[in-house]
2 protein chains.
Amino acid sequence: MATWKNLDKLAAFDKLAGLKNHVDIKEAMTGENGAVRVAKYSTPMAEGLSFNYAAKEVDDTVLAALADLAKEAELTDKFAELYNGAIINTGEKRHVLHHLARRQLGEDVIVDGVNKRDFYVSQQEKAADFAKKVHAGEVTNEAGEKFTTVVQIGIGGSDLGPRALYIALENWAKANNTAKMEAKFISNVDPDDAAAVLNSIDVAHSLFIVVSKSGTTLETLTNAAFVKDALTKEGLDPSKHMLAVTSETSPLAKSDEYLEAFFMDDFIGGRFSSSSAVGGVVLSLAFGPDIFARVLNGAAEEDKLATNENILENPDMLDALIGVYERNVQGYPSTTVLPYSQALSRFPAHLQQCDMESNGKSVNRFGEPVDYVTGPTIFGEPGTNGQHSFYQLLHQGTDIIPLQFVGFKDSQIGMDVEIEGSTSQKKLCANVAAQIVAFACGKDDEDLNKKFDGGRPSSIIIGKQLTPESLGALLAHFENKIMFQGFLWNVNSFDQEGVQLGKVLAKRVLAHDTDGALKAYSDLLEI
Amino acid sequence: MATWKNLDKLAAFDKLAGLKNHVDIKEAMTGENGAVRVAKYSTPMAEGLSFNYAAKEVDDTVLAALADLAKEAELTDKFAELYNGAIINTGEKRHVLHHLARRQLGEDVIVDGVNKRDFYVSQQEKAADFAKKVHAGEVTNEAGEKFTTVVQIGIGGSDLGPRALYIALENWAKANNTAKMEAKFISNVDPDDAAAVLNSIDVAHSLFIVVSKSGTTLETLTNAAFVKDALTKEGLDPSKHMLAVTSETSPLAKSDEYLEAFFMDDFIGGRFSSSSAVGGVVLSLAFGPDIFARVLNGAAEEDKLATNENILENPDMLDALIGVYERNVQGYPSTTVLPYSQALSRFPAHLQQCDMESNGKSVNRFGEPVDYVTGPTIFGEPGTNGQHSFYQLLHQGTDIIPLQFVGFKDSQIGMDVEIEGSTSQKKLCANVAAQIVAFACGKDDEDLNKKFDGGRPSSIIIGKQLTPESLGALLAHFENKIMFQGFLWNVNSFDQEGVQLGKVLAKRVLAHDTDGALKAYSDLLEI
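Residues numbered from 1 in each chain as written. Chains lettered and ligands numbered in written order. Predicted model: local features only at pLDDT ≥ 70, side-chain atom pairs only at ≥ 80, totals over all residues. Heavy atoms only, no water.

**Observations regarding the sheet that holds strand 2 (residues 50-52) of chain B**
Residues and elements named next belong to chain B. Worth spelling out the cut-off: At least two DSSP bridges between two strands are needed for those strands to be called paired. Counting from the N terminus, the helices are DSSP H or I runs at least four residues long and the strands are E runs at least two residues long. Axis definition: a line fitted to C-alpha atoms, limited for helices to the stretch in contact. Angles are taken between N-to-C directions and run from 0 to 180 degrees.
Pairing is mixed across the open sheet formed by six strands, whose spatial order is 1-2-15-12-10-11. Lying at the two open borders of the sheet, with one neighbouring strand each, are strand 1 (42-44) and strand 11 (377-379). On average, adjacent strands in this sheet sit at an angle of 15° to one another, irrespective of strand direction. As paired elements, strand 10 (residues 334-340) and strand 12 (residues 403-408) share five bridges and run parallel to each other.

The following block contains the structure:
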């Protein structure tokens, strides 16, 4: 059994803290030594991706200290305990089993007589069979016509991850003739969200997936009712158009209002649920089950790397360690994620949830306050768009904000033009290469307004193309990074008690059970 | 003439700095005093909006100090100098005239014999005439058929603002029968961006607007060429499908490759250009020129409020002052913008550019380094979505992040359902009211994992409905807030030298003129 200690109780962290500003990244990356670092500070990821951290504020001394920290914090032991079924989610007394949904890793975990890996796989197979029937026209609407559109109704983890993955593969699937159905997403309780989606589709040929683990999520139940109402008004039978993804004990599970139900359980948290039926049903319908299986394979390959004890062969753990060095030693409050890929336009929003909801905590896993900062603010937009937006502050602002780039050599669709001797894809790649060096090395200028201090650290994940496999690897990389950071900060990354109070107060507002400021705001908003 | 001084050279700032942690917002907002504050700390904005700052860490003492600061920093004098034509953009030696595009404010500004207000208005009128002809079928495609789709090709300010405004009014326009054409946007140099948009539209019935002030923006010229190539391949004449929005001196201005050109100039910066032809052409085509004029009217009304010397009657300046107090006295590094309106889903991305590109600076307007922090990190997503994502960190993370809410009493489309006694719109409003109080007041609990410290400051802008007018007011509010903050930090908010180095290095990569790290990354990406 691993020992869980606060970060500041680890001797290796003390040593690491002594290495504040140890590497001058501007100096290190300027000149030929920069090229040496780019070649040296790189580690393979799954599916042909690589994690290059040459422009991070590390050298062999810092890396040795990070290796000591990984060892003292028993990071890979903790990971093994997690995927082998320990109660890692201490707050809610739950297992954390999203890795089992990728099939390959760890021992079998039996809970109440159920082999959990088999359970997750069985639900994926059920989703695959169902999707094949829909695609083959064996499951149809009431008029016997094929369904053309699938709409996911969910919020948070039931929305952000699956939506980011759908957008990531939408164009790839079209280019590779595996696009089966168009997918849309309804998440917000704002009625304009559901109304706009309903107005944009042919509801008679649409399947709707209601995704809520508990079966009690306010937004999702409301939007499900919203959709049922619209179906009924069109003279359609909602029970012939609606699916449920929920836990077996939820009110949705056994309702005859749903054409089919697919199951999840309490051991896969919402923000880690893209690999489960939460992502599986919608992605199998949209792209075909084989494509979803390829995403899982990519994730599983990355998971395997995350078991390596050697930090230089474990890109997920290494990325996590560098992030903790930046947050707790260097003192940087935010991190920005910058994919040079339009297909990853909503991937930063997914990471924002996955990271900030997991590690935005002030108490450790034993419920005691911690004396150090934990999860940073995460934000990002795709490059090159971001370059024409907030990069000004990243280059010349008063705070240093570490950067996490992602880039691919090839586009997904393959349409391109050559202008002034280069394709758009080459221009895209040239920009990300240029930005890394600009951020690290800066540029001197007598006019201080045109001077770039440099010294702004970044890493880049490089791949050949964004495919189902590399997307799966990318997803798992960040999930595992976040998990390792939670281990380092000694927080429980798998609960989210911070979302409860707002829910309780919103119910009071709707029940008109308010006083003081709550009543005053309710009155202002005429509730 | 106003005197430009660094923030830390102002006596009023010294006094303000002495008020660190002066207001315990948890204490202030708990109990009946909270209701008193909600009633008291509110100021009207234009078009029926109101700015409520009861949950910010202010009281009459702090407000008095902020009023002193506004006076000593001569904020309204500086604003008057700006809109009356002083060279406020010191770096590039330019006027800053986006307010004139809203028509009403200030004296006439004559540059090289041209009345600039008349110039901006003339371009809006030209856009209006053109849009009317397109809508009436007087300007058609080569086959004499009506154009149905308009595609904006631009990046940064030529994309984010106009896109955010289009999304904000898309559903409103459909609900009010003023939707004329569907709009799409191509921005990223990633070829998959242009390819995906082209694959999603009927190019034969599409108009494309190439938006670049200089006529030299790499991404935009590349994407324009991409589109011309696609049109030609379809057997269409690009010059019959393409419009330009550019400066009169740009290479695009006099090209016969464009059906029509609309002009802007150097005195309206990209991120402040939504009120100019940059936003005007696409929005007039999409919704009709009357709708765009209503957006401008809303902005103009808000601009008028921004001239008030009394900070309690100037919501834009007050918001700016509170933000500087939070950043420079309280020491908060980020600010999050949380619109409870799905229609404002991309408004935070626009503000991210407008704010971070304007005030992410380390030198003052005289090119001297400043000794204090300037622009914060800005991020946000619509509520209630964000509640199921990063709010965990906002409530229980180790950093305090100030919040800026926006909420409307009515939805735009008007479709709604009543579930458990309330509509979705009421649920949406109940959630934002609940969140403000949850963030401010927190909740005690013996289990520290379930405890909310509170003390997390927020403001809210409340309106009846998101309409063209209120959207214009909202746009101007934030533009003016950012401008006032730039005055306080004594930075030039209107240049962006921090974007140049990346451009220079990207060109070197494409020319294979690299060495060291730049060559190494280029090789890794196979450029």
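**Regarding the side chain of B:Asn449**
This is how it is decided: Only heavy atoms matter for contacts: two residues are in contact if any of them lie within 4.5 Å across the pair.
Checked against the element boundaries, B:Asn449 lands in the loop between helix 15 (424-441) and strand 15 (458-463). Sequence-distant contacts of B:Asn449, defined by excluding residues within four places in its chain, comprise A:Gly91, A:Val363, A:Asp495, A:Glu497 and B:Gln396.

**Details of the nonpolar core**
Selection rule: Nonpolar cores are built from buried Ala, Val, Leu, Ile, Met, Phe, Trp, Tyr and Cys residues. Side-chain atoms within 4.5 Å join them into one set. Classification of residues uses two cut-offs on accessible area relative to the type maximum, computed with a 1.4 Å probe and protein chains only: under 20% is buried, over 50% is exposed, and between them is partly exposed.
The biggest cluster of nonpolar side chains holds 292 residues, and the ones touching the most others in it are A:Leu285, A:Tyr521, B:Leu285 and B:Tyr521. Residues within four places of B:Tyr521 in sequence aside, it is in contact with A:Met29, A:Val38, A:Asn52, A:Ala54, A:Ala55, A:Ala433, A:Ile436, A:Val437 and A:Ile460.

**Let's talk about the packing of aromatic side chains**
Residues and elements named next belong to chain A. We count it as follows: A pair of Phe, Tyr and Trp rings is counted when the ring centres sit within 6.5 Å of each other, with Trp represented by its six-membered ring. The angle between the planes then sorts it: under 30 degrees is stacked, over 60 is edge-to-face, the rest tilted. Distance and angle both matter: a charge sits over a ring if NZ of Lys or CZ of Arg is within 6 Å of the ring centre and within 35 degrees of the ring normal.
In this structure the tally under the stated criterion is 34 aromatic pairs over all chains. Between Phe390 and Tyr391, the aromatic rings sit 5.7 Å apart at their centres with planes inclined by 55°, giving tilted as the arrangement. Phe390 sits in the buried class, given a relative accessible area of 0%. The structure contains a cluster of three or more aromatic residues connected by ring pairs, namely Tyr340, Phe379, Phe390, Tyr391, Phe405 and Phe439. A cation sits over an aromatic face here: Lys78 above Trp4, 4.4 Å from the ring centre. Directly above the aromatic system of Phe119 lies the positively charged group of Lys116, at a separation of 4.6 Å from the ring centroid.

**Some words on the interface of chain B and chain A**
Here is the rule: By buried area we mean the combined loss of accessible area, with a 1.4 Å probe, across both parts when two parts are placed together. When a carboxyl oxygen of Asp or Glu lies within 4 Å of a side-chain nitrogen of Lys or Arg, that pair is called a salt bridge. Pairs of N or O atoms are called polar contacts if they sit within 3.5 Å, as long as, within protein, a hydrogen donor faces a hydrogen acceptor (for residues adjacent in sequence, only side-chain-to-side-chain pairs). All residues other than Ala, Val, Leu, Ile, Met, Phe, Trp, Tyr, Cys, Pro, Asp, Glu, Lys and Arg, Gly among them, are scored as polar; the first ten of these are nonpolar and the last four charged.
Taken residue by residue, the interface counts 132 residues in chain B and 132 residues in chain A. When chain B packs against chain A, the two sides together hide about 11,100 Å² of surface, and 64% of this comes from carbon and sulfur. By the criterion of area lost to chain A, the three top residues of chain B are B:His388, B:Tyr521 and B:Leu525, representing 7% of everything that side buries. Where chain B meets chain A, there are six salt bridges. Measuring nitrogen to oxygen at the nearest pair gives 3.0 Å for the salt bridge that ties A:Asp399 to B:Arg327. Our count for the chain B to chain A interface comes out at 50 residue pairs in polar contact (both at pLDDT 80 or more). The element contributing the most residues to the side of chain B that touches chain A is helix 15 of chain B, with 15 residues. Of the residues assigned to the side of chain B that touches chain A, the class counts are 60 nonpolar, 50 polar and 22 charged.

**Details of unusual backbone geometry**
Excluding glycine, most residues fall at negative phi; most peptide bonds, likewise, are trans. A:Gly383 connects to A:Thr384 through a cis peptide bond whose omega is 10°. Tracing the backbone through its elements, the reader meets A:Thr384 in the loop between strand 11 (377-379) and helix 14 (391-396). Even without being glycine, A:Asp112 reaches a positive phi, approximately 50°. Relative to the assigned elements, A:Asp112 resides in the loop between strand 3 (110-111) and strand 4 (114-115). The phi torsion at B:Glu526 lies on the positive side, around 55°, for a residue other than glycine. Among the structural elements, B:Glu526 can be located in the segment after helix 18 (516-524).

**What to know about the confidence of the model for chain A**
Rules: Values of pLDDT, ranging from 0 to 100, describe the predictor's confidence in every residue of the model.
Chain-level statistics for chain A give a pLDDT mean of 97 and a share of 100% at 70 or above. The ipTM value of the predicted complex is 0.97, and its pTM value is 0.98.

**A look at the pattern of salt bridges**
All names here are of chain A. Taken as a whole, this structure holds 58 salt bridges over all chains when the rule is applied. Measuring nitrogen to oxygen at the nearest pair gives 2.7 Å for the salt bridge that ties Glu479 to Arg102. One end of the pair, Glu479, is in helix 16 (residues 468-489); the other, Arg102, is in the loop between helix 5 (75-83) and strand 3, and 377 residues separate them in sequence. A relative accessible area of 1% places Glu479 in the buried class. Taking the relative accessible area as the measure of exposure, Arg102 reaches 0% and is therefore buried. With a closest N to O distance of 2.9 Å, Asp410 and Lys464 form a salt bridge. One end of the pair, Asp410, is in the loop between strand 12 (403-408) and strand 13 (418-419); the other, Lys464, is in the loop between strand 15 (458-463) and helix 16, and 54 residues separate them in sequence. Taken together, the shared-partner salt bridges in this structure form one network comprising Glu92, Arg94 and Asp266.

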